[in-house]
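What follows is each chain in one-letter form.
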Amino acid sequence: MSTLTKTAPPATQPPARRAPVQPAWLRVTHWLNVLAVVVMVMSGWRIYNASPIFAFRFPNEMTLGGWLGGALLWHFAAMWLLAANGLIYLLTNLASGRFVRRFFPLTPRGVVRDLFAAARGRLAHDDPRHYNQVQRAAYLFAVLDLVLLIASGLAIWKPVQLGWLCTLFGGFQGARLVHFIAMAALVGFVAIHVVMVALVPRTLRTMITGR
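Values in this document were obtained by computation on a predicted structure and should not be read as measured data. Starting afresh in each chain, residues are numbered from 1 along the sequence in its written order. With pLDDT at 70 or above as the cut-off, local features in this predicted model cover only qualifying residues; side-chain atom pairs require 80 or more to be listed or tallied, and sums for whole chains, interfaces and linings still use all residues. The side-chain figures draw on all heavy atoms in the structure; neither hydrogens nor water molecules are used.

1. Points about the overall build of the protein chain
Consideration 1: Check the secondary structure of the protein chain and you find eight helices and zero strands.
Consideration 2: When the helices and strands of the protein chain are read in sequence order from the N terminus, they spell out α-α-α-α-α-α-α-α.
Consideration 3: Any residue under 20% of the maximum accessible area for its type is buried, any over 50% is exposed, and the rest in between are partly exposed; the area is computed with a 1.4 Å probe on protein chains only. Counting across all 211 residues of the protein chain, residues that qualify as buried make up 32%.
Consideration 4: When the accessible area of the protein chain is evaluated, it comes to approximately 13600 Å², of which 72% is carbon and sulfur surface. Secondary structure elements are taken from DSSP: a helix is a run of H or I of four residues or more, a strand is a run of E of two residues or more, and numbering for both begins at the N terminus. Surface accessibility follows the Shrake-Rupley procedure with a 1.4 Å probe radius. Residue values consider only the protein chains on display as shielding.

2. Considerations on the packing of aromatic side chains
Here the distance between the centres and the angle between the planes together describe a pair of aromatic rings.
Consideration 1: Stacked, tilted and edge-to-face are the three classes applied to pairs of Phe, Tyr and Trp rings, where Trp contributes its six-membered ring and a pair requires centres within 6.5 Å; stacked means planes under 30 degrees apart, edge-to-face means over 60, and tilted covers the rest. Scanning the entire structure with this criterion turns up 12 aromatic pairs.
Consideration 2: When the centroid spacing of 5.5 Å and the interplanar angle of 35° are considered together, the rings of Tyr-48 and Phe-56 count as tilted.
Consideration 3: Three or more aromatic residues link up through ring pairs in this structure, and these residues are Trp-45, Tyr-48, Phe-54, Phe-56, Phe-58 and Phe-180.
Consideration 4: Counted as over-ring charges are cases with an Arg CZ or a Lys NZ within 6 Å of the ring centre that also lie within 35 degrees of the ring normal. One cation-aromatic arrangement involves Lys-158 over Trp-157; the distance from NZ or CZ to the ring centre is 4.8 Å.

3. Things to note about the UniProt feature "transmembrane region" (unreviewed entry) in the protein chain
Consideration 1: UniProt positions are given in the numbering used here, feature names are shortened, and annotations may be inferred rather than shown by experiment. The positions UniProt marks with the feature "transmembrane region" (unreviewed entry) are residues 28-48, 68-92, 137-157 and 177-201.
Consideration 2: Helix makes up 92% of residues 177-201 and strand 0%, with an end-to-end C-alpha separation of 35 Å.

4. Observations concerning the nonpolar core
Consideration 1: In terms of nonpolar packing, the biggest core is built from 19 residues, with Val-37, Phe-58, Leu-82, Leu-146, Leu-149, Met-183 and Leu-186 touching the most fellow members.
Consideration 2: Looking at this core, the elements that each hand over two or more residues are helix H1 (24-50), helix H2 (68-96), helix H5 (133-157) and helix H7 (172-199).
Consideration 3: An automatic or database domain assignment is the source of the domain bounds shown. Looking at this core, you find at least three residues from each of domain 1 (21-96) and domain 2 (129-210).
Consideration 4: What makes a nonpolar core is a set of buried Ala, Val, Leu, Ile, Met, Phe, Trp, Tyr and Cys residues whose side-chain atoms join them at distances within 4.5 Å. Counting residues in hydrophobic clusters, the runner-up holds seven residues, among them Leu-26, Tyr-89, Phe-103 and Leu-140.

5. Looking at the environment of Gln-133
Consideration 1: Looking at the secondary structure, you find Gln-133 in helix H5.
Consideration 2: By the convention used here, residues are in contact when the closest approach between their heavy atoms is within 4.5 Å. The residues contacting Gln-133, other than those within four sequence positions of it, are Pro-105, Leu-106, Thr-107, Gly-110, Val-111, Arg-113 and Asp-114.

6. Considerations on the side chain of Asp-145
Consideration 1: Checked against the element boundaries, Asp-145 lands in helix H5.
Consideration 2: An unpaired buried charge is present at Asp-145: no salt bridge exists, and Arg-176, the closest side chain of opposite charge, is 16 Å distant.
Consideration 3: The contact partners of Asp-145, leaving out residues within four places of it in the chain, are Ala-182, Ala-185 and Leu-186. As used throughout, the charge tally considers Lys and Arg to be positive and Asp and Glu to be negative, leaving His and the chain termini uncounted. In what follows, salt bridge is the name for a side-chain nitrogen of Lys or Arg lying within 4 Å of a carboxyl oxygen of Asp or Glu.

7. Let's talk about H7
Consideration 1: The first and last C-alpha atoms of H7 sit 41 Å apart over 28 residues, in line with the 40 Å expected at 1.5 Å per residue.
Consideration 2: When we look at burial in H7, the residues that qualify are Gly-174, Ala-175, Arg-176, His-179, Phe-180, Ala-182, Met-183, Leu-186, Phe-189 and Val-197.
Consideration 3: Of the surrounding secondary structure, the elements contacted by the buried residues of H7 are H1, H2, H5 and helix H8 (202-209). Between the first and last residue of a helix there are one fewer steps than residues, each counted as 1.5 Å, and that sum is the expected span.

Structure, rendered in structure tokens:
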């Protein structure tokens, strides 16, 4: 009499976990950059108030440091954090290939096309891994603006030791003006960025949890 052998059902494979939308290193450097920028802007406004370039001052309630010396301490601390963390962010983006994947291709025609699509509410946000060309242009602008902000800040900080850099900005006052304009541009970028996050809340979740 033959015996029947029972075969075990094939083991089911666990579902493969998708890679996070935003990797951990990116989330950490992003939030450290946010902290550094907030501290630098608020302390920078207090420093500006001590010797304003234009005929206005920022309300003290919006500044950090309490007085010029305190504001300078906060500003320099945040400057080193921004420079070091920003360098890690940029180098890791380049080394991982993410910089090229996320920010290119980028063309003026593509930016204008996506800008008009966004204005008509027809720009899709289904895949947070994909940046439209308006986002690519905005993020690249922020990176370049931060580089300009740091360079002009160094020229103001060490106008003698870094005389060549100070001269590049048209002297000490020129460096101050460039630094102020770069700061204003960064604040404008942050304001627009916050509005866009409010319109697409999923982007905030991915920057916190990665998914």
